[in-house]
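# Structural characterization, general
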Amino acid sequence: MSGEAAELRAYLKRGGLIAYPTESCFGLGCDPRNPRALKRLIRLKGRSAAKGMILIADHLKRLLPFIRPLRPAERTRVQSGWPGPVTWVVPAAATCSPLLTGGRGTLAVRVTAHPVAARLCRELGMALVSTSANKSGRRAAQTAAQCSRMFGAQVRVIDGRIGTRRRPSTLIDLASGTTLRP
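Throughout what follows, the structure given in this document is the object of discussion. Note that the structure is predicted; figures quoted are calculated from it, not measured.

## Topic: unusual backbone geometry
That bond from Trp 82 to Pro 83 is cis: its omega, -10°, falls within 30 degrees of zero. For Pro 83, the position within the fold is in the loop between helix H3 (72–79) and strand E4 (86–91).

Okay, structure coming up:
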């Protein structure tokens, strides 16, 4: 791990928040294992904790500690859209924080194809929380400069360009096959 990545990982472990480019907008993220960071992120956005969060990673293996083991057919199904802008709602591990699940037994997860977001997960060796970089109900930031103006020193902004996707990731419930967000 580079010195820069090691420093960023330490920042996240201490409860730091980051903004980084994703497929359709900038995302806000933190270490999904840090309850203090999760609470800070929820407060910063003015978001209901009952909504839960999305976790992204560069590879399914980084998501496994947060989800129930997938049967082979389920694994094949979710991996068919990855890496890419498809988020699956899957059964959460019993140890998964209610701050991530919104108090439900499920968790939304995605293996991202965005080069900056995937590189962050790979270099940090961890999954990241990924929620749109905005105050709840407002338009998501499209640039690093917008993130800096919106959140100031409360968030460390990772520079880069968002992807070309115009809409948030497609959200599909694994159990029912229902598309919750096209």
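## Notes on the pairing of strand E1 (residues 18–21)
Here E1 shows no split at all, with Ile 18 and Tyr 20 on one side and Ala 19 and Pro 21 on the other all buried. As paired strands, E1 and strand E2 (residues 26–29) are joined by 4 bridges and run antiparallel to one another. Counted as the bridge partner of Ile 18 is Gly 29 from E2. In textbook terms, the turn of a hairpin is the stretch between consecutive antiparallel strands, and for E1 and E2 this stretch comprises 4 residues. With 2 bridges joining them, E1 and strand E8 (residues 156–157) adopt parallel strand pairing.

## Comments concerning the nonpolar core
Ranked by size, the top nonpolar core spans 40 residues in total, and within it Leu 63, Leu 100 and Leu 107 carry the most contacts. For this core, the elements supplying multiple residues, two or more each, are E2, helix H2 (35–45), strand E3 (54–57), E4, helix H4 (98–101), strand E5 (106–111) and helix H6 (144–151). Among the elements that take part in this core, H2 stands out by supplying 5 residues, more than any other. With residues near it in sequence (within four places) discarded, Leu 107 still touches Met 53, Leu 55, Phe 66, Ile 67, Trp 88, Val 89, Val 90, Ala 92, Cys 96, Leu 100 and Thr 101. In this structure, Tyr 20, Val 116, Met 126 and Ile 158 belong to the second largest nonpolar core, which totals 18 residues.

## Regarding the sheet that holds strand E10 (residues 179–181)
Within the open sheet, the 6 strands sit side by side as E6-E3-E5-E4-E9-E10. Their pairing is mixed. Looking at strand neighbours, the two that pair on one side only are strand E6 (128–129) and E10, the edges of this open sheet. Bridge analysis of E4 against strand E9 (residues 170–173) gives 4 bridges, and the strand direction is parallel. Within the sheet, the bridge partner assigned to Trp 88 lies in E9 and is Ile 172.

Conventions we followed
Residues numbered from 1 in each chain as written. Predicted model: local features only at pLDDT ≥ 70, side-chain atom pairs only at ≥ 80, totals over all residues. Heavy atoms only, no water. Helix = DSSP H or I, 4+ residues; strand = E, 2+ residues; numbered from the N terminus. Buried < 20%, exposed > 50% of the residue type's maximum accessible area, 1.4 Å probe, protein only. Pairing = 2+ DSSP bridges. Core = buried A, V, L, I, M, F, W, Y, C linked by side-chain atoms within 4.5 Å. Contact = heavy atoms within 4.5 Å.

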